[in-house]
Amino acid sequence: NAGVTQTPKFQVLKTGQSMTLQCAQDMNHEYMSWYRQDPGMGLRLIHYSVGAGITDQGEVPNGYNVSRSTTEDFPLRLLSAAPSQTSVYFCASSRRGTGDSWPQHFGDGTRLSIL
Amino acid sequence: AQSVTQPDIHITVSEGASLELRCNYSYGATPYLFWYVQSPGQGLQLLLKYFSGDTLVQGIKGFEAEFKRSQSSFNLRKPSVHWSDAAEYFCAVNSGSARQLTFGSGTQLTVLP
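Residues numbered from 1 in each chain as written. Chains lettered and ligands numbered in written order. Predicted model: local features only at pLDDT ≥ 70, side-chain atom pairs only at ≥ 80, totals over all residues. Heavy atoms only, no water.

J.: Please clarify how the nonpolar core should be interpreted in this entry.
T.: Nonpolar side chains in soluble globular proteins generally cluster together in the buried interior. Within the largest apolar cluster, 26 residues are counted, with the highest numbers of intra-cluster contacts made by L19, W35, L47, L48, F74, L76 and Y89 of chain B. Of all the elements in the fold, those that place two or more residues in this core are β2 (10–14), β3 (19–21), β5 (33–38), β6 (44–50), β8 (64–68), β9 (73–78), β10 (87–95) and β12 (107–112) of chain B. For this core, the element with the most residues is β10 of chain B, which contributes four residues. Those residues in contact with L47 of chain B, other than ones at most four positions away along the chain, are W35, Y36, V37, G59, I60, K61, F63, L76 and Y89 of chain B. Core analysis: the next-biggest nonpolar cluster, separate from the first, contains 19 residues, M32, V60, L112 and I114 of chain A among them. (Core = buried A, V, L, I, M, F, W, Y, C linked by side-chain atoms within 4.5 Å. Buried < 20%, exposed > 50% of the residue type's maximum accessible area, 1.4 Å probe, protein only. Helix = DSSP H or I, 4+ residues; strand = E, 2+ residues; numbered from the N terminus. Contact = heavy atoms within 4.5 Å.)

Here it is, written out as structure tokens:
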């Protein structure tokens, strides 16, 4: 049971480069989301999805794109990396339902540095 | 807008001592409240959640939390801390309508032997 898998675990980029952070879950969860974690600020929501083909913006969406073509995968794209996007990124998933639809399963994170 | 305040950035306790981590929230309606724990280099794990009903909720790993509407608080407690409890703890409140959360800035717990 892999749960939520994020790749890569670490990445260093140069300003202006693009990349995709991968997130996959094997629990058939409808809800998936991306958060970024910065020191002293907790986690902030970037984008989320309530099912395949449906995505929406969170609190800090600028500079990031997402798509959800399958239930399992929810990649996060940085189109032109900026130093302000240096952070730890977490993907989370949860299933539809009253009690279990809140983020319950988190990946181990991707540590991203933009030079 | 909803918000969560965790007043204590860092707390140190001795193993076997009791623990209370503070959380204050701001939310216009009845909140859904959560506590998560993050061990070094890992993602977050849900400890417990409050939706309604009994204001004292039990979670995993021996943790409990009490919802106090009059104080807008949802403090996390454990009667006897173990060294393995050393981690960062996040309080969160529901935000929006799509099952998303607003997190506090976290409390780092150190456990002394």
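J.: So what exactly am I meant to see when it comes to the pairing of strand β11 (residues 110–114) of chain A here?
T.: Remember that side chains alternate between the two faces of the sheet whenever the strand is regular. Residue and element names in this part refer to chain A. Only one face of β11 is covered, namely the one carrying T110, L112 and I114; the face carrying R111 and S113 has none of its residues buried. Bridge analysis of strand β2 (residues 10–13) against β11 gives four bridges, and the strand direction is parallel. Each bridged residue has a counterpart across the sheet, and for V12 the counterpart in β11 is S113. (Pairing = 2+ DSSP bridges.)

J.: Just to check I follow, could you spell out the pattern of salt bridges for this structure?
T.: For the structure on display, the rule yields six salt bridges over all chains. Of the charged contacts, one joins D8 of chain B and R22 of chain B as a salt bridge, the two residues approaching to 2.9 Å between their closest N and O atoms. Taken together, the residues D8 of chain B in the loop between β1 (3–5) and β2 and R22 of chain B in the loop between β3 and β4 (24–26) connect sequence positions 14 residues apart. By relative accessible area, which is 18% here, D8 of chain B ends up buried. Put simply, R36, D38 and R44 of chain A are held in one network by salt bridges that share partners. (Salt bridge = Lys/Arg side-chain N within 4 Å of Asp/Glu carboxyl O.)

J.: Help me understand the sheet that holds strand β3 (residues 19–25) of chain A in this model?
T.: Residue and element names in this part refer to chain A. One open sheet holds the four strands; their spatial order is β1-β3-β8-β7, and the pairing between them is antiparallel. One side of each edge strand has no neighbouring strand; the edge strands of this open sheet are β1 (4–7) and β7 (64–66). For this sheet, the mean inter-axis angle between neighbouring strands, taken without regard to orientation, is 20°. Note that β7 and strand β8 (residues 76–78) share three bridges and pair antiparallel. Across the sheet, N65 pairs through a bridge with R77, a residue of β8. (Axes fitted to C-alpha atoms, helices over the stretch in contact; angles between N-to-C directions.)

J.: Any chance you could explain the state of the cysteines here in plain terms?
T.: Think of a disulfide as a covalent bridge from one cysteine sulfur atom to another cysteine sulfur atom. Summed over the entire model, instances satisfying the criterion amount to two disulfides over all chains. The residue that forms a disulfide with C23 of chain A is C91 of chain A, at a sulfur-sulfur distance of 1.9 Å. When the S-S torsion is -70°, as for the bridge of C23 of chain A with C91 of chain A, the disulfide is left-handed. One end of the pair, C23 of chain A, is in strand β3; the other, C91 of chain A, is in strand β9 (residues 87–94), and 68 residues separate them in sequence. Assigned by exposure class, C23 of chain A and C91 of chain A land together as buried. Disulfide pairing places C23 of chain B opposite C91 of chain B at an S-S distance of 2.0 Å. Between C23 of chain B and C91 of chain B the disulfide shows an S-S torsion of about -65°. By sign, it is left-handed. (Disulfide = S-S within 2.5 Å.)

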